[in-house]
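Here are the chains, one letter per residue:
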Amino acid sequence: MTLFLGNLTPVPWDELERAWFEPYHQSQFAQGAFQWLEAESDVETDQLIAAIASEDRQAVFSEATRLIAVRINEELDEALAAETPAAAQQAVGAAQELYRAFADHIAAADPDAAREIGLAWLEMASATGSTGVLGVAVVQPDRDAMQASRAVISDYLAANYLIHSFAPRDTLSAVPETVALGGHAVAIPVTLPPGSDIFDQDPLPRLVLGFEEQGIDETDLPLIAYGDMLFDSPEIFSGPARELGIACSSCHNRSDINQRFFIPGASHQPGAVDVDGAFFNPMFNDRRDDPIDIPSLRGLRFTGPYGRDGRFASLRDFTRNVIVNEFAGAEPTPFMLDAIVAYMTEFDFLPNSLLTGDGQLTAAASEAARQGEEIFNRPFDGLGGRSCASCHVPDGNFLDRQAHDIGSVAPAYQDARAGALDTPTLLGTVYTAPYFHDGSLPTLAAVVDWFDDTNALGLSGAERDDLTAYLEAVGAADEPYEQFDDENTPFRLAFAELTTFASTLDTLLLRRDIHHILLLTDSVASDLAADAGTMANLSARPEVYSLAAHLAEVGTAVRAGDWPAAEASWAAFQGEAQAIEERAF
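These notes cover the structure that comes with them. Remember, predicted model here, so these are calculated numbers, not experimental data.

On to the packing of aromatic side chains. Using the criterion set out here, one finds 25 aromatic pairs in the structure. Considering the side-chain rings of Phe102 and Tyr161, the 4.0 Å spacing of their centres and the 0° angle between planes classify their relative orientation as stacked. Taken together, the residues span a long stretch of sequence, with Phe102 in helix α6 (residues 85-109) and Tyr161 in the loop between α8 (143-160) and α9 (177-182) at a distance of 59 residues. Comparing Phe102 with Tyr161, the two get one shared label, buried. Taken together, a centroid distance of 5.9 Å and an interplanar angle of 80° make the contact between Tyr431 and Tyr481 edge-to-face. Remark: Tyr481 occurs in the loop between α19 (461-474) and α20 (490-502) and Tyr431 occurs in the loop between β4 (421-422) and α18 (444-455); sequence separation between them is 50 residues. Among the aromatic residues, those joined into a ring-pair cluster are Phe4, Phe237, Phe279, Phe280 and Phe327. Over the ring of Phe335 we find Arg511, and its NZ or CZ is 5.3 Å from the ring centre.

For the rest of this paragraph, the subject is the environment of Phe279. Residue position: Phe279 is located in the loop between β1 (272-273) and β2 (292-293). The exposure class of Phe279 is buried, given its relative accessible area of 12%. Considered as a pair, Phe279 and Glu15 are 264 residues apart in the sequence and their alpha carbons are 15 Å apart.

In this section: the packing of α18 against α19. For the pair α18 and α19, the least separation of the axes is 9 Å and the interaxial angle reads 130°. In terms of orientation, α18 and α19 fall into the oblique class. For the crossing formed where α18 meets α19, the hand is right-handed. Note on element contacts: α19 touches α18 through Arg464, Leu467, Thr468, Leu471 and Glu472, opposite Leu444, Ala445, Val448, Asp449, Asp452 and Asp453. Looking at the contact of α18 with α19 residue by residue, the classes come out as 5 nonpolar, 1 polar and 5 charged.

Calculation notes
- Residues numbered from 1 in each chain as written.
- Predicted model: local features only at pLDDT ≥ 70, side-chain atom pairs only at ≥ 80, totals over all residues.
- Heavy atoms only, no water.
- Phe/Tyr/Trp six-rings, centres within 6.5 Å; stacked < 30°, edge-to-face > 60°.
- Helix = DSSP H or I, 4+ residues; strand = E, 2+ residues; numbered from the N terminus.
- Buried < 20%, exposed > 50% of the residue type's maximum accessible area, 1.4 Å probe, protein only.
- Lys NZ or Arg CZ within 6 Å of the ring centre and 35° of its normal.
- Axes fitted to C-alpha atoms, helices over the stretch in contact; angles between N-to-C directions.
- Parallel < 35°, antiparallel > 145°, perpendicular 65-115°, else oblique.
- Left-handed = near helix turned anticlockwise from the far one by under 90°.
- Contact = heavy atoms within 4.5 Å.
- Nonpolar A, V, L, I, M, F, W, Y, C, P; charged D, E, K, R; others polar.

Structure below.
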């Protein structure tokens, strides 16, 4: 965590301090690192605490690095002194967990040493002995073997991580000091800090696409199908996003919000991210700690202008900005932008039987919601004679396509006029908590309270409740989440999507479109192989791996300019995909 936060520009010192003093997001530990160290170790932490307080980046790196190396040696000491195999194994396990702070960087910078140390860890674990079964066949620790393995590990730590002074590093990393002094560039794999979560939310939001609701098959819409693929592909990005497998759909699960997406240093809470910070694209870093809640993309064709402050009138320009500026991707081709915009403009709102198409409540709505509807349309002096409906226009999908400063953004400087945010739709909002651009309000009731208190609307408690009931009716949905069962499994959903993406090869191969073919095969072949791991039918996995191999072969043949071979591999893919589709997974 120290390395990750220390490499952000500017360093988020408050967050780095919290990382040591407080538990991590989703941590197994109930206390912070310093508290844990006080209970588990004799190591001195005063110098690290002082380095954090003085905001000395190099000193924090040096002290944290030495502290972890000391802790590894302490655990190895405990393993050697342990009286039972169980105690020795527990200490070795703790030492290995601490060593993970260095392991990836040693492997990248000094692979020979990494292999030697890896073998030493294996020998150390084996030499701790065995507790046997019910006290029978107990094997005592082999102290000599443990000591020999420990020497390999500790000698390397002493030479690289327990030194008096570390050379200044432009980029903080756990690259061994002996390698760092050599001045050779080392390609360090991108990793997420502890507590990160970029997996899809559960339950998975339901995706409503305009063409599907009209009974049109996506395989008959190659431009939209290709755009669907791009939306799910990290290949359109570069840098950390691409290496980590982050795609548009990582934040916008099924066109909605991934409410579990969280990266310390880039997110202030789950479901939020700072897309113009230092992590994804340093060139686009605005040097402001301003993460925003991920917005829903439902009904996207109706919700312009785009960006939280409405700075992009065009969805095409907004999409290009996301790819190139926010996530460091290469300039997309016109075809790529056409495709992804064509796909996203098919995103539709969730059906809601409490609301008519022009924003009026139906007979199914509660009496409280009907009372709230009257309040929603009532002019208030505190709103300058306007009503809630003046901005959230019911027959305009509950938005006005304008930006307003409602006082929810603190001015960045005196007389700043940067607090205007575009009006968000209220459709589907029951499932998009928390609210406001920064997720500062947890419920729709809290939103009502904020507007009443901030604008002196003078609502009674009952009126607040009624207005909340109205917002909940407007923001409701009949089926908000994807429904899975024994037949409609997550793998079936993924398989159908990926084979649909691949269907665009019918068009792309005819056009001999090398660039877009390779983008598709590189994206879909790897995803198909990865998704095979989620299959309940284990015996069918080899068939799916074979299918992924056929798609990869298409890419290999296209790279070689062998179009007959590419078409043959594509035909083999189609035949096998149809056979798999006809059987249950």
